[in-house]
Structure formats: C-alpha cells, structure tokens
Amino acid sequence: MFFRTRPLLRRAALIGAAVLAATAAAPQASATTAAAYRGPSGGGLSAVIRYTENGIPHILAQDYAHLGFGTGWAQAADQVCVLADGFVTLAGERSRWFGADAAPDGSLSSATRNLSSDLYFKGVRESGTVEKLLATPAPAGPTRDLKELMRGWAAGYNAWLAQNEISDPACKGAAWVRPVTALDVASRGFAVSVLGGQGRAVDDITAAQPPGPAAGTAADGPAAGAAGTAAAAEADPATTAEAARVFFDTGRYDMGSNAVAFSGSTTASGRGLLLGNPHYPWQGGRRFWQSQQTIPGELNVSGGSLLGTPVVNIGFNERVAWSHTVATGTPVDLHQLTLDPADPTAYLVDGRPEKMTQRRVSVQVAGGAPVTRTQWWTRYGPVVPGLGPGLPLPWTAGTAYALNDPNAANLRGSDTALAMGKARTVAGIQDALKRTQGLPWVNTVAADSAGGTLFTQSQVLPRITDELAARCSTPLGRATYPASGLAVLDGARGDCALGSDPDAVQPGVFGPGRAPTLRDAPYAENSNDSAWLANADRPLAGYERVWGSTGTSRSLRTRGALEDVAAMTAKGRLTVADLQKQQFADRVPAGDLAAADAAKACAALPGGAATGSDGRAVDVSAACAVLAGWDRTADTGSRGALLFDRFWRRLTAGTAAKDLWLVPFSATDPVRTPRTLNQAAPGIGRALADAVAELTAAGIALDAPLGEHQFVVRGGQKLPVPGGTEALGVWNKIEAPWNAAAGGYPEVVHGSSHIQAVGWDGGRCPVARTLLTYGQSSNPASPHYADQTRLFSQERWVTSRFCERDILASPQLEVVRPRERR
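The following refers to the structure shown.

Conventions adopted
- Residues numbered from 1 in each chain as written.
- Predicted model: local features only at pLDDT ≥ 70, side-chain atom pairs only at ≥ 80, totals over all residues.
- Heavy atoms only, no water.
- Buried < 20%, exposed > 50% of the residue type's maximum accessible area, 1.4 Å probe, protein only.
- Helix = DSSP H or I, 4+ residues; strand = E, 2+ residues; numbered from the N terminus.
- Pairing = 2+ DSSP bridges.
- Core = buried A, V, L, I, M, F, W, Y, C linked by side-chain atoms within 4.5 Å.
- Contact = heavy atoms within 4.5 Å.
- Axes fitted to C-alpha atoms, helices over the stretch in contact; angles between N-to-C directions.
- Disulfide = S-S within 2.5 Å.

1. Details of the pairing of strand S8 (residues 320-326)
Argument step 1. Across the seven residues of S8, seven count as buried, placing the element largely inside the fold.
Argument step 2. The alternating pattern of S8 places Val 320, Trp 322, His 324 and Val 326 and Ala 321, Ser 323 and Thr 325 on opposite faces, both of which are buried.
Argument step 3. Adjacent in sequence and paired antiparallel, strand S7 (residues 314-316) and S8 are bridged by three residues.
Argument step 4. Strand direction decides the pairing type here: S8 and strand S16 (residues 442-448), joined by seven bridges, are antiparallel. The residue bridging Ser 323 from the neighbouring strand is Val 445, located in S16.

Structure below.
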C-alpha cells in the first residue's frame, strides 16, 4: 500500500474521481445504485479502496470477484511476507526453502518441524482434498459467491506482487514469494478449518508407521515422531484420560477470546451492545487484519479478517454485530482399530478386513535428497500414534487408532462469515449459522440494533451422542470421554458409525438444532469455558458431553467476566463507553481472591523469611506490604502487579486446587467458588521466596510499575502493555514469555487482538470503536506497523468510519484504485 498520505490538493481530485462509486455504498443502498460502479474500460478486475486513519481500507466493488480482488490487493500491501510464508506452507515447500528441521510459525498447524508440515500439506494437495470440497455443491460445499471471492482474492494478491516492489525485509527479494491461485486461497481456508483437529495432529499423522516389516521401504526412514512397535504397550486409560483433558483444555491454547452481548433491557438506547475481545497470536499468519467490504445493495460489513481469508470473520454492519470465542466442543474423535492378525495395515469392520490406504509423499529438502514418507489412512481418517507427545496411542500388532476430523470435509467457514455479514438481526445470524454450518471450533456471540442477543455453540462437531459413547466406547474411551469429550469408539463395529442429523449439511456431524443456544438474555458472555454459564442466571444444560462440561469449575477469566458483566447488567443504562471501560478495567480476579490473604500469609512468616525451591532462605518481608497495597489491577502503572503475577504463577503451578482454597468449588455457586486462600498452604512461602529472589536478581523492584517490565519495542520505542495472563483471569488477556535479562516480559506472543465495541443510537450508522492491537502491517517500514500498538499501550481506541459521510470526511483519506493489467 502507499505509505504516505497524498497531498491535500491531490486528494480532492482523487475523491472526485471515485465519488460516484463511493456514494453508492451507503447503508441500505439499493441495487440500482450498484450501476454507479464501473470496472476499468480495459476489462479485468478492479476495486476502489479508501484508506482512513490507521491504514484501514474501505473496499468498494461491483461484485464478489472484484471485492475479492480489492481485499487480496490490500492484504498483500500490508502483509505480503506473512501471506507468502503461509502459501509456502500450504504448498508443502518449507523444507525446500527453510530447511527440514526448522519450525513453522505455527499459524496453519501445530507441526513442530517443517518436514512434518510439508509431508502433511503436500499430502493434502496431492490427494485432491480441497479440489473435491470445491466441487461439492452448496450447502455442503462452498457457494458460487465464495468461489468468486477466492478467485478475486488470488488475482488481487498477484496484481499487487506484479505492480509493486516488496520493501519488507522479511521477504524482500525472496525466491519463495510467488503468485497464487484460487486453490491456494481455498487451501488456506481448509487449514484454518482443521486447526483444531488434523492440524493439531500433523506430527502424528506423518509419523505413524506400522510395527515390524510392514513399516515400509527404507525410503521411509526414521519417522518424524513416535511410531508403534509390535511390542508397544497398550494405551493406559487413566493416564490417557488425563492427557486428553490437558490436550483439549482451551485455557492452554494460543487462541482464546472474551465476548459479551447486552440486550436492550440493559442499555441506555434500548438497543443491543457487543464487546468482542479475541485473544490471538501477535505475530505470524493467524493475525487479524481490519477492513470494510462493500458491494452496493448486496454487502456492507466492517471488521477483522484472518490473514489470507477473503471475508470479514468478526465484525458488524448497520444492524448487527458479532464476535467469536474458541469453543470447548471436542472437534475430533478416535476409532480404535482391531487389526488383521496377518497384516497390521488392515483392520476389521464387522469381521471383514479393510486395507489401509497408503498416502506416499515426497518432500524436497534444502541441501539434501528428497525425503519420502508414507501416511496411513482409513475409512475413519488417518492413523495416529498419539495426539501430541503427552497422549500416546501405540500402533501395535493388534491395535491402531484413527482420527476422525469432520472439519476435513468443511470448506464452509467463509460462507458462514459472508452470511453473517449480510444478517440484519441476531435471528439472521442464527439463520446464517444454520444454513451454512461452517464454524469449526468457535462459539458466536451477537447483538443487534433491535436489542436482541445471542450465544450459540454452532460449531462442526462429530456426532458423538452420550448414548453412542456409552454403547460403543472402548475401555480407553470410557475413561477419555467423561474427562475431555474425546470419544474412542470401537472401529470394528459397523453399528458404531456416527450417523446423521436431519438438519446437518454433512453426514456424521450434529445438526444446528443440537447446538447449545441462548437467545435474548440480558447478557450473553463467553470466555472459553463451555456453554453452561453463558448467562449465570440462565444455565444451559442437557447437551451431549462432546459439546463441553456442565457443573464443573470455571476458569478465573470466566468467573471474573461473569462478575463484571452481571454488575454492568445490574447498573443498566449501558453505552459503548461502558464496553470500552470494561476492556481496559484490567481487573485481576486472582488478586481480588487471594492478594490480601497472601499478604497476611507473608506477614506471618517467622522473621519475614521463606525457603525457596533451591533450599535457600529469602527475606520476603518487603513483599508483604507491596501485595497488601496493590490495587488489584494489571494497568501499566500498577505497583505490585508484577510481583503478584510471578508469585501466583508459581503457586498455582505447584499447588493443587484442593489445597489452595478453603471453600471448594460448588456447582450451586460456580462464579464465587472456589475461594478463600488457604494461608497455611505449603506452597505459599516457597512461591513468595522464588518470586522475590527472581525479581531481585533481575534488578526489578518489587513495587515496580507493571508497564516498565511488560512491554513491546516498536521502532526503537518501548511501549508499556496493559493486561495479564490466563492464570490471573484478566479480561484483557496478554501472554508474554518471561525474559529477566531483557527486563521482564519484553514481547507479547498472543492476547487481545481485534477488539470491537459496537452499539446503536437510533441513527443510520453503528456506534463502533475498534482496536487492532498489533496494527495492520508486519512491515517495519509501514506507518501502520505500530500505530495501533501505541494506542493499545495508551488504552485509546479508533472511532470506526462505517458510513460514507464518515469515510469521506477522514482527514487522512487516501483513495487508490487497483486493477488487473492484462
């Protein structure tokens, strides 16, 4: 994109050239006004892009192909190197360009090495998986509008590459930056869809090898991970159940979110309000990118897009706003295979053997010979020798495990986003979800201008009913399903097939009528726990275990959020300003629960000393007053927040909940329990000693302001960062690796990302404030590399320019009109 605002004298001429097209995009624009937009006389795709403050593009086009073109162009202008890196991943060429043993950025799968990433994604490509999904008629497959968007996006990206020089040092002059096709764009959508399933098992899918001589030829070589042997032990149910609980614990993901919708009964205007606060990575290909997309008379939506997707994933229009939170539904299941005694690559179904399908993949490797591996696939999905290093599933002479991921047949996610962008009410949002059924691993929270609210967990899940799990679980599944929702079904029985719901668009998944849903409650909130307490006064229950748990302890972030939004609901007369205050209140629920008691326990230590993990005595007396005087927030100026943070992480990591709290969890009081810190807990003194010793050794004062030691550096400037980690329960979640030598927390890896506070006041335009915490561009040369990071540091917002009069009134307006050159 252009990195300088054009001179004001030229701006008037540019606006004049585009004004006919621009004014056609007003809310509720009629189809007739669409004729006001004309493509270039030479043919080819084009768009009008109006940039306003902070480099936010407002993309105006005559149809979906042209809209995709403008979106692809604008995304490339801001994020060409990140996008190009992702396309190398999808082509299975990371080992060729970056080496087999280097690690991908983790945005498109959980592969730990380029080699396993390449083996998986090249296998997807060579098997024609995405092409088959593209050829599937809607609604099971993508719509024509989405296909046109993807075609246009690829053309726009390619046009930007052809017409501009790359200045970003991350890929300037790199041979791996190449034009793309619509298939590449669709492949990125596929990778996003399976992030919670096959994408989390890439190392395992590519490592699976049968025991003994059937393992294949020497070309297979050592596998990329653990493979089974004939003598391998069977998976232990109790150990596996705990490992599955940890593996599917959403609190451990590098993605999460908060979202809350308030109904008209709670607001000053009588209309709805929505606050969306997704927690996503700050670097790499899972960043959001902000835009407005307009086709006059057809679509007018503003919000955040995941990079490489041609639609607005979370956002708002004139009448409705929505956000997503990572859901607790377990998106996969396992089938335990009974193997043919004569052939460990054949499995029995109703007594008849079926041969596994071999997917043999060769990957080019920098500086070496190609590497060839064999993957093993079944009617249920790929064979896996585990789910991550902590959950082994040995492939023995008698048993193997196959992974079923229904989202591997789901290329509908962008259609869902597109349909929601056209909705006018929360009922319309719900209808869009029912028609398209494309969300793979998220909940939806929405509010509308009529005062309605919605929470729904309408995600694509394997159709694991509690009855099916009870009837068909293996001994391993009888342990894992209650603990985590992971079903392990008997793959040898045909009557254990998943079946279909009549309202489902693909076989083997739940229909939308089964999804936990709450409509028009005074508030609907989610912070990555299950649907149970979307509203604490109206608990949801009766859904199958695979959707999530009920009657179990909630995270501190959920508990704090429910306390906050209940208090806001009781206050009433809410406005967008109240949503903004909630986002940056930075209250630390863990501090409210435990800081005072921790200070008392500290003061009671004999001689003010405690013994650390290394056995040394540490004087912690100064910490007592700091903890007692701390304001219980994670604002950048809070003194004591850093000390409590370091103390609390150690205490909770080493002390079981049953020993930490005097009042245990109660399902009848889930927001307020457990509570009351056990001042006699043996870990308190040790955690205090370790935290004090750590800060002292780093030269950090115990009462240092948080922002001096939780920060990012952009353009040589140190920017304090507000917020706190998952363990503290802070709404404004920030995750940053500890680096004492660099001053504490010197870089954010994930947390608050595309934030939006949206409401309506009876006028034609929504009242919206947004913030993209890391800015639009990854290019250090761009003025939009850190402009919104500075705003985030100062807890300031961007006023959304949605209506035409507001876009055209921007003092930084810049109009560009990219087009294909043929």
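And the narrative resumes.
2. Here's the deal with the nonpolar core
Argument step 1. Ranked by internal contacts, the top residues of the largest apolar core, which has 172 residues, are Tyr 157, Phe 190, Phe 262, Leu 387, Ile 429 and Ile 464.
Argument step 2. Examining the composition of this core, we find that 16 residues originate from one element, helix H2 (residues 64-90), more than from any other.
Argument step 3. Leaving out residues up to four positions away in the same chain, Ile 429 has contacts with Val 320, Trp 322, Met 420, Ala 423, Thr 444, Ala 446 and Leu 454.
Argument step 4. Leu 642, Leu 702, Val 730 and Tyr 745 belong to the second-largest nonpolar core, a separate cluster that totals 45 residues.

3. A word on the sheet that holds strand S19 (residues 517-519)
Argument step 1. With mixed pairing, 10 strands are arranged side by side in an open sheet as S19-S17-S16-S8-S7-S6-S5-S2-S1-S32. The strands lining the two open edges of the sheet, one partner per strand, are S19 and strand S32 (814-816). On average, adjacent strands in this sheet sit at an angle of 20° to one another, irrespective of strand direction.
Argument step 2. As defined by bridge partners, S7 adjoins S8 across two bridges and the pair is classed as antiparallel. Paired with Gly 315 across the bridge in S8 is Trp 322.
Argument step 3. Its contacts with the sheet put H2 on strand S1 (48-52), strand S2 (56-60), strand S5 (288-295) and strand S6 (299-306), and the angle it makes with S5 is roughly 155°.

4. Some thoughts on the state of the cysteines
Argument step 1. This model, assessed by the stated rule, comprises four disulfides.
Argument step 2. Paired through a disulfide, Cys 81 and Cys 171 show a sulfur-sulfur distance of 2.0 Å. Judged by the torsion about the S-S bond (-80°), the Cys 81/Cys 171 disulfide is left-handed. In this pair, Cys 81 is assigned in helix H2 and Cys 171 in the loop between helix H6 (144-163) and helix H7 (182-193), connecting sequence segments 90 residues apart. Of the two residues, Cys 81 and Cys 171, neither departs from the other in class, the shared state being buried.
Argument step 3. Note that Cys 472 is cross-linked by a disulfide to Cys 496, the S-S spacing being 2.1 Å. Taking the sign of the torsion about the S-S bond as the criterion, the disulfide between Cys 472 and Cys 496, at about -85°, is left-handed. Placement of the pair is Cys 472 in helix H12 (residues 466-472) and Cys 496 in the loop between strand S18 (488-490) and S19, with a sequence separation of 24 residues. As far as burial versus exposure is concerned, Cys 472 and Cys 496 are alike and both buried.

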